[in-house]
Structure formats: C-alpha cells, structure tokens
Amino acid sequence: MAASTAHVEAGSSDPPDLDQTDAPESSRDPDPSESPQAEQSPDRDPDEDEDSDGGEPPGPRVRETPEDIRLEAIANTVALHPSRDVLVCGDVDGDLYAYSYSCTEGENRELWSSGHHLKSCRQVRFSADGLKVYSVSRDKAVHLLDAERGQLVTRIRGAHGAPINSLLLVDENILATGDDGGTLKVWDMRKGTAIMDLKHHEDYISDIAVDQAKRILLTASGDGTMGVFNIKRRRFELLSEYQSGDLTSVALMKRGKKVVCGSSEGTIYIFNWNGFGATSDRFAIKAESVECIVPATDNIMCTASMDGYIRLRQSRQPSSKPGHWLHRAARRRTHRRARQVLGLSRFLVSSAHDQLIKFWDISSLPKMTVNEYRKRKKKDGRMKSLTKKAHGDNDFFAGLVEETEKKEEEEEEEEEEEDDSDSDSGSD
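Everything in this summary refers to the structure shown in the same document. On a predicted model such as this, the values are computed, not experimentally measured, just so you know.

A few words now on the packing of aromatic side chains. The relation between two aromatic rings is expressed through the spacing of the ring centres and the mutual angle of the planes. In the structure shown here, the tally under the stated rule is six aromatic pairs. A centroid spacing of 4.9 Å and a plane angle of 40 degrees characterise the contact between Tyr101 and Phe359, whose relative ring orientation is tilted. With a gap of 258 residues between them, Tyr101 in the loop between strand E4 (96-100) and strand E5 (109-114) and Phe359 in strand E28 (residues 356-361) connect regions that are remote in the sequence. Each member of the pair, Tyr101 as well as Phe359, is classed as buried.

Moving on, we get to the side chain of Asn76. In this structure, Asn76 sits in strand E2 (residues 75-80). A polar contact of 2.6 Å, which involves the side chain of Asn76, links it to the side chain of Ser120. Polar contacts involving the side chain of Asn76 include one to the main-chain carbonyl oxygen of Cys121, which spans 3.0 Å.

Looking now at the layout of surface pockets. Reported here for the largest pocket is a volume of approximately 1500 Å³. Residue lining of the largest pocket: 49 residues in total, with Arg125, Leu168, Asp207, Ile208 and Ile293 positioned closest to the centre. Secondary structure elements with two or more residues in the lining of the largest pocket: E2, strand E6 (121-126), strand E10 (164-169), strand E14 (205-210), strand E18 (247-253), strand E22 (292-295) and strand E26 (341-344). When residues in the lining of the largest pocket are grouped by element, the largest group, six residues, is from E18. Here the residues of the lining of the largest pocket sort into 25 nonpolar, 13 polar and 11 charged.

Glancing now at the pattern of salt bridges. Counted according to the given criterion, the structure contains 10 salt bridges. A salt bridge links Asp197 to Lys185; its shortest N-O distance comes to 3.8 Å. Residue Asp197 is located in strand E13 (residues 193-199), and its partner Lys185 is located in strand E12 (residues 183-188); the two are separated by 12 residues in the primary sequence. On the accessibility criterion, Lys185 (14% relative accessible area) is buried. Among the ionic pairs, Arg190 bridges to Asp188, the shortest N-O distance being 3.0 Å. Classification of Arg190 by relative accessible area gives exposed; the value is 60%.

This part takes up the sheet that holds strand E15 (residues 216-221). Whenever strands of a sheet pair, they do so through backbone hydrogen bonds, lying parallel or antiparallel. Reading across from one edge, E14-E15-E16-E17 is the order of the four strands in this open sheet, with antiparallel pairing throughout. Because the sheet does not close on itself, it has two edges, and the strands there are E14 and strand E17 (235-239). Strand-to-strand twist across the sheet, computed as the mean angle between neighbouring axes with direction ignored, equals 25 degrees. Where E15 meets strand E16 (residues 226-230), five bridges bridge the pair, whose relative direction is antiparallel. When the bridges of E16 are listed, Leu217 appears paired with Phe229.

Overall, antiparallel pairing links the four strands, which are arranged E18-E19-E20-E21 in an open sheet. Of all the strands in the sheet, the pair left with one neighbour each is E18 and strand E21 (281-284). Mean inter-strand twist for the sheet, computed between neighbouring axes without regard to direction, equals 20 degrees.

Glancing now at the pairing of E28. The buried fraction of E28 is high, at six of six residues. Residues Leu356, Lys358 and Trp360 of E28 are buried on one face, and the alternating residues Ile357, Phe359 and Asp361, pointing to the opposite face, are buried as well. Of the strand pairs in this sheet, strand E27 (residues 347-351) and E28 are connected by five bridges, and their pairing is antiparallel. If you follow Ser350 over to E28, its bridge partner there is Lys358. Linking two consecutive strands that pair antiparallel, namely E27 and E28, is a turn of four residues; a positive phi of about 65 degrees is found at Gln355 within it.

In this section: unusual backbone geometry. With a phi close to 60 degrees, Lys214 is a non-glycine residue in the positive phi region. As for its position among the elements, Lys214 is in the loop between E14 and E15. Even without a glycine there, the phi angle at Arg255 is positive, about 55 degrees. Mapped onto the secondary structure, Arg255 falls in the loop between E18 and strand E19 (258-263).

Evaluation of the coordinates by the stated rule reveals zero disulfides. The closest cysteine sulfur to the non-disulfide-bonded Cys89 is located on Cys121, 8.8 Å from its own sulfur. Taking relative accessible area as the criterion, Cys89 reaches 2% and is therefore assigned buried.

Here is what the cut-offs are and how they apply
Residues numbered from 1 in each chain as written. Predicted model: local features only at pLDDT ≥ 70, side-chain atom pairs only at ≥ 80, totals over all residues. Heavy atoms only, no water. Phe/Tyr/Trp six-rings, centres within 6.5 Å; stacked < 30°, edge-to-face > 60°. Helix = DSSP H or I, 4+ residues; strand = E, 2+ residues; numbered from the N terminus. Buried < 20%, exposed > 50% of the residue type's maximum accessible area, 1.4 Å probe, protein only. Polar contact = N/O pair within 3.5 Å; in protein donor to acceptor, adjacent residues only side chain to side chain. 1 Å grid on protein atoms, 1.4 Å probe; cavity = no way out; pocket = protein on both sides within 12 Å on 5 of 7 lines; lining within 4 Å. Points joined across faces, edges and corners; volume = space filled by probe spheres on them. Nonpolar A, V, L, I, M, F, W, Y, C, P; charged D, E, K, R; others polar. Salt bridge = Lys/Arg side-chain N within 4 Å of Asp/Glu carboxyl O. Pairing = 2+ DSSP bridges. Axes fitted to C-alpha atoms, helices over the stretch in contact; angles between N-to-C directions. Disulfide = S-S within 2.5 Å.

The analysis is restricted to geometry; functional conclusions fall outside its scope.
Structure below.
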C-alpha cells in the first residue's frame, strides 16, 4: 500500500509540502514486506497468476470405457490382443483394420490396415503371444500377418473347397478351420499343410472350440449338430443328436465341465463333458437367435442376438443343483437390430451392422452372485448394477433393471419355475 501511495503522490499536481521528509520514513516502514514483492515483480511471469487461478486448458477427459470406433464397413469379426489395448477387425469387404484404444478421449488410433483378402473376411484371431494375426475369408484363403505392421507373412490359397467360415488357434503352430460345406481342417503352420481333413457335417461349421488339454475339438454346425474330433489321434469321434435350428456358437464353461451351444432358434443347449451325444439341459431366451457366446467368467456367459441385445447368463452357485442356470440374468441393448459379434478382454467389445465397435465395462461382473440377484428381484424388482458408474445410457449395465410391473414379474417367475423343472428332468 505504501508503494502505491507513493506512486499516487508522485503523480499529484500539487507542489511538495513539509511532510515530504516524513514520507520516506513511512515508506520504509513496510520494507520487510515490500522487498519480496520488489524482488519478484521484475522476474514474475504475468501469466502465472492466470495459471494459478485455473487458466490452463483442461487436459483430455478420461472415460471409464474407450470411445466408439467407427468402421468403414460392417465388421464380421473382432479379435483383441492378449496383453495390449489393441484390436483387429475384419469386414465384409475383406479388409482388416488394427486399432489401439484408450479410455482417454481422442486417443483411439488406427494402426494399420490390410486388404489382402479378395472377399469378405469372416474370422480373425491373435496368436497367444500377440505377435501374429490369422484370418480366413470367403475367398477360401488362410492368411498369417505380422501383428505389429500388418504385413502379410503367409498365404494359403485354396485352403478349402468352399468358403471358410470359422477359425480357431489350438496352439502356436496348430490352427483349425471350418467351411460352408461342413469340412473341418487342422493345419500345421510350420509346414503349411493340413494334418486333418474331415467332413462329417451336412452344413456350414459356424464355430470351433477346444478343451484345455488341446486334445478335443468341438464344432457347431448349421445342420443342428455338435461335432467331436480328437486332434491327438486325428480322427472323428461323434456327432450330437440333432437340435432344432442351426447351432451358431460353442463355448466351454464351468472349468471345462460344461459345453454350451447357441442356436438360430434362440435356444441355448448345454452338454456335459463326455456326454456329447445328448443335451443335459436347455433353455430359451427372448431372442430370435443366439449369434455369439463369450464366457465372461467361468460361470457367466455373454450372448449376442439379432435383436441388438447382449444378455448375461450365470450358473447357480455350486451348492445348488447341478446343471441349473438362471433363465434370465440381465440384458442391454447395445446396437440396432443386427447380427452381432463379441470380443472380451478387460472390456466387453461388441460390433454390429451400425459399423460401430463399442466397449463395455465388466470389471465388477465376477462379483455378481445368484443369491444377490434373487434377493434384489424379490425385494424391489431391480438388480444391483454390475459396474461402478451405472450412470447414463452409455453404461452397459445401467439398463439392468427387471420389469416392475406385476404381470411381467409373474411371467418371469413362471418361466423360471418351468426352467427349474426342465433342469430337474434333464439332470435325471
């Protein structure tokens, strides 16, 4: 204040008076407090005050899930890197695209693209070490690419006599492929030759799975059967009984003790391991079809359907009767009415005919229990959200609310009782 006062007095038009001699003394009194300001004022950046007051532009916003990735064409398949935030998708034009994704806004990046396939790319898979990418196509070719740069390393032309529809990596050197004619081939990529070439299905092979021992291959087919093949002995074992509709997907659950198959009729069929001839259980969902099944945990499966919904199914706790499954755990509409494909890493990834790849946080999914579901449902018709955010329409689990209307509640209870009775009769 003394400095500013002296400045005002110096600028005054009045002549100096006798008090001028006292002015220096009064101005020197606050020297201890004035000197730091005098020392700092020449060197201080005038923008510092603005910065300290929040003048800096805010940094990129960090989301709980990455932003959607918009594609140039409809994706038939999505594969996620085993250890990095990278995905590869194959589309109906035969092109492959690799993207890195991040929860930081604006950080999703296209890494490379490949147009080596002549027709629609139907399946793509990463190797276990994430260094290689395998793809199959309607052009009947198998491609091996370098995952870092997208360069074509190996091409097997005419790998099948019919368009290839499914692909599975058994280990770092062995892969299995199935085509539209029902032929299964197993390849040794070190030699580039097929070590198994078997045709026991009457229609296309939609999906392939393998047990943990890498010994038994399971195939789902459009003829309504599940095939069992022994890789070690290189032979066909058996076909399951015929189911209604095409079998569209196959996956192992419950530490390999259960096999689940989705169907075009909206029914999920359950087989016991070593009981492949006939189903041990089955249940229908309120969907036209089950296009894809991905095990989220050992007890919870995610299913994608033509109606645009992703549904969750969870087995009952071990203390309950074996073979029982919740008729309906939860669902969320993620895309418009369209065929969907799913991938799973630390996020659930979905893609459909809207040409978008979407990400869903499922970090708290393993904490879900059947008892909690039952308790919440009976109490107020709502199930606890399975994610931390559960705020807004973009959260996958924000919509996990059971119908509260009495009529719908009674219908669901009746359906669950029917499923329980079916399970009892099936397990007998």
